[in-house]
Amino acid sequence: MLQTDPCILVIFGASGDLTSRKLIPAMYEMHVLGQLHASTVILGVSRTAKTDDQWRDELKPWIAQQAKGFDEAKWSDFAKRIHYFAGDAAKPDCYPALDTRLGEMAQQKGTKGNLLFFLSVAESLYEPIVQQIDEAGLVTEGKRWCSIDPATKSWQRIIVEKPFGHDAVSAASLNRALGRAFEEESIYRIDHYLGKELVQSMLVLRFANSIFEPIWNGQYIDHVQISALETVSVGQRTAFYDQTGAIRDMIQSHLFQILAFVAMEPPTLYTPENVRAEKIKIIDSISVPTADEVAAHCALGQFASDGKEGAYHELAGVAPNSTTETYAAIKVHFDNWRWGGTPFYIRSGKKAAAKRTEVVVQFKPPAANLFRKVTGFGGEAPNRLVIEIAPRERFNLRFEVKVPGFGLRAAAVDMQMDYGNEFKAEPIEAYGPLIVDAMRGDQTLFKHRIEVEGAWNAVMPFLDDRSAKARANIHGNYACGSWGPASADELLGRDGRAWRNEP
Ligand SMILES: NC(=O)c1ccc[n+]([C@@H]2O[C@H](COP(=O)([O-])OP(=O)(O)OC[C@H]3O[C@@H](n4cnc5c(N)ncnc54)[C@H](OP(=O)(O)O)[C@@H]3O)[C@@H](O)[C@H]2O)c1
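Residues numbered from 1 in each chain as written. Predicted model: local features only at pLDDT ≥ 70, side-chain atom pairs only at ≥ 80, totals over all residues. Heavy atoms only, no water.

What follows is about the domain arrangement of the protein chain. According to the domain assignment, the protein chain consists of domain 1 (8-189) and domain 2 (194-427 + 470-493). Listed per partner, the contact involves four residues of domain 1 and eight residues of domain 2. Both sides together, the interface formed by domain 1 and domain 2 hides about 570 Å², and carbon and sulfur atoms give 40% of it. A per-residue breakdown of the area domain 1 buries against domain 2 is headed by Lys68, Lys162 and His166, which together make up 78% of the total. Counting across the interface, domain 1 meets domain 2 through two salt bridges. At the junction of domain 1 and domain 2, the tally comes to four residue pairs in polar contact (both at pLDDT 80 or more). Partitioning the side of domain 1 that touches domain 2 into residue classes produces no nonpolar, one polar and three charged. (Domains from an automatic or database assignment. Contact = heavy atoms within 4.5 Å. Buried area = accessible area lost by both parts, 1.4 Å probe. Salt bridge = Lys/Arg side-chain N within 4 Å of Asp/Glu carboxyl O. Polar contact = N/O pair within 3.5 Å; in protein donor to acceptor, adjacent residues only side chain to side chain. Nonpolar A, V, L, I, M, F, W, Y, C, P; charged D, E, K, R; others polar.)

And the structure:
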């Protein structure tokens, strides 16, 4: 494992929800687990005036609530790492004083000029802040293979939160803005789904065993389902959600990352470069539907009223004629040898029947049904692997066995590996290990520029004018607490398949 360098983690958006609820509690967990270098410190930046101590007082209850194993003594120790700087990070006049403060902290703490920026502000501020960081000369490591400046032996890196662009054009623009200030090797496009145990564990399951990979292709796999369903509504930020929708919020970002891990070719070695190269290739091989194919390749929906809350288009903050999807299912094909002809169905929705993030790998039926003349054998496709990512973390492998007793009857049974039971380890907040990876310079679980742009290109037909037909009659087209609109069942039904809708 690479060493964690000492550094200053500079969080832009210190007063915000993400910082308080996720980032700082995750850093506390990393501190308790001994994953932070002793000299590493955090500098929060936002416009509201407050002192270091005031910010610490604000953060303490969040850590007590969100982090595992809050302990007063450990908190006191961790609090010494936390500092605050008030300023408007999108304006140049913020930077002389910020530069001075960073210089003083580096001197006092011995962080050697290593800076890890984290953009935890509204997306519209990403480009202005990156430009100011660059113009203020805070990125000093040189512009080529920049992880380490040979003169100072320091590095500057940046973590960029989702949303990474609003569409293919804005994502490319943001990539260009980042590229003017940072080398690709220093840009960490974060997706907290990749910090989840079961997502990474998929790579180990596929590539550390010899029993799965030989059958992990279209010859043996009938299709794959990737679901991320929630029972909750869109929350308070309705206006924000109305600009986003399920495809942007979940499918283009998180679920395409899971898709890449399920479908990619084996890297030659587990290194950041090799894993990312395979993810780029698999995203690049997604077959983008033509305008005529879009409606038949997707199902879009908005939840109806449940009697307590109005239908989605009736909510305050949502345009009454909004066609933003609160549910989306899309069918993905790859133009490559492994998966040619094998569909991957991806769905995500709000106010669904169950909270569920999972991957279902459905295998084909045996090539010949030896038991076809025996009563009780249906010749169906019994074998499937379900990788449950949330709320439980477990693998389930289903196969047929003989039912004990006279005669020959078969039943499908599940063999299960439950992470909680097996390792007695509670899941930790995904942001912590990912930020520590960035401190180590390990980009394995971060997205490459080409991958992000490829994912946008693949979903654009489901978002722009080409999706107009699929958005017709979207208002209230699925009931709250259901598994989505009827069109989602038809999407698989037309192919002779059905969603796994097991509560
Ligand atoms: N919240 C989540 O769970 C979540 C999850 C995934 C992604 N994200 C993304 O993460 C980003 C942050 O989300 P959030 O929910 O934390 O937003 P938020 O609650 O609105 O916080 C953003 C903070 O940025 C600060 N800020 C605004 N303008 C600034 C400026 N010019 N310079 C410095 N600081 C400035 C504000 O504090 P001041 O008023 O004090 O400046 C504000 O509290 C967004 O892009 C969001 O889409 C959030």
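The contact between helix H5 (residues 126-135) and helix H6 (residues 168-181) brings their axes to 9 Å, and the two run at 10°. Taken as axis vectors, H5 and H6 run roughly parallel relative to one another. Residues Tyr126, Glu127, Val130 and Asp134 of H5 form the contact with H6, whose own contacting residues are Ser173, Leu174, Ala177, Leu178, Arg180 and Ala181. (Axes fitted to C-alpha atoms, helices over the stretch in contact; angles between N-to-C directions. Helix = DSSP H or I, 4+ residues; strand = E, 2+ residues; numbered from the N terminus. Parallel < 35°, antiparallel > 145°, perpendicular 65-115°, else oblique.)

Attention now goes to the pairing of strand E7 (residues 221-229). Most of E7 is tucked away, with eight of its nine residues classed as buried. Summarising the sheet, E7 and strand E11 (residues 356-363) pair through eight bridges and their orientation is antiparallel. Bridging from a neighbouring strand, Ala228 pairs with Thr357 of E11. Where E7 meets strand E10 (residues 344-349), six bridges bridge the pair, whose relative direction is parallel. Residue pairing across strands places Gln225 opposite Tyr345, the latter belonging to E10. (Buried < 20%, exposed > 50% of the residue type's maximum accessible area, 1.4 Å probe, protein only. Pairing = 2+ DSSP bridges.)

Bringing the packing of helix H9 (residues 245-263) against helix H13 (residues 449-463) into the picture now. Two packed helices can be described by the angle between their axes and the distance between those axes. Across the interface, H9 lies against H13 with an axial gap of 10 Å and an inter-helix angle of 135°. Put simply, H9 runs oblique to H13. The handedness of the crossing between H9 and H13 is right-handed. Counting all contacts with H9, which are made through Ile247, Arg248, Gln252, Phe256 and Gln257, the residues of H13 involved are Glu451, Val452, Ala455, Trp456, Ala458, Val459, Phe462 and Leu463. The residue makeup of the contact of H9 with H13, split by class, is nine nonpolar, two polar and two charged. (Left-handed = near helix turned anticlockwise from the far one by under 90°.)

A word on a nonpolar patch on the surface. There is a patch of nonpolar side chains on the surface, built from Leu370, Phe371 and Leu408 and spanning about 280 Å² of accessible area. Position of Leu370 among the secondary structure elements: in the loop between E11 and strand E12 (384-390). (Patch = residues over 30% accessible without salt bridge, like charges linked within 9 Å, V, L, I, M, F, W, Y side chains within 5 Å. Areas by Shrake-Rupley, 256 points an atom, 1.4 Å probe, with all protein chains shown as cover.)

Turning to the side chain of Asp242, a few remarks are in order. Relative to the helices and strands, Asp242 resides in helix H8 (residues 238-242). In this structure, Asp242 is buried with no salt-bridge partner, the nearest side chain bearing the opposite charge being Arg471 at 8.7 Å. Within the local environment of Asp242, its side chain forms a polar contact with the side chain of Tyr312, the two groups lying 2.6 Å apart. Those residues in contact with Asp242 that sit more than four places away from it in its chain are Tyr312, Gly317, Val318, Ala319, Ser322 and Thr324. (Lys, Arg positive; Asp, Glu negative; His and termini not counted.)

Read across the open sheet, the eight strands follow the order E8-E9-E10-E7-E11-E12-E13-E14; overall the sheet is mixed. The open sheet terminates on both sides in strands that have one partner only, identified here as strand E8 (298-301) and strand E14 (410-418). Recorded for the sheet is a direction-independent mean angle of 15° between the axes of neighbouring strands. Along the sheet face, helix H7 (residues 197-207) touches E11, E12 and strand E13 (394-402) and points at about 150° away from the line of E12.

On to the site of the ligand. As a structural note, the neighbourhood of the ligand is formed by 23 residues, with Asp17, Arg21, Thr48, Asp88 and Val121 the closest of them. Here Asp88 contributes a side-chain N or O atom positioned 2.7 Å from a nitrogen atom of the ligand. When the ligand sits alone it has 880 Å² of accessible area, and the protein chains cover 80% of it. Elements that contribute at least two residues to the shell around the ligand include exactly helix H1 (17-32) and strand E2 (41-46). Among the elements that take part in the shell around the ligand, H1 stands out by supplying three residues, more than any other. Looking at side-chain class alone, the shell around the ligand contains eight nonpolar, seven polar and eight charged residues. (Near = heavy atom within 4 Å.)

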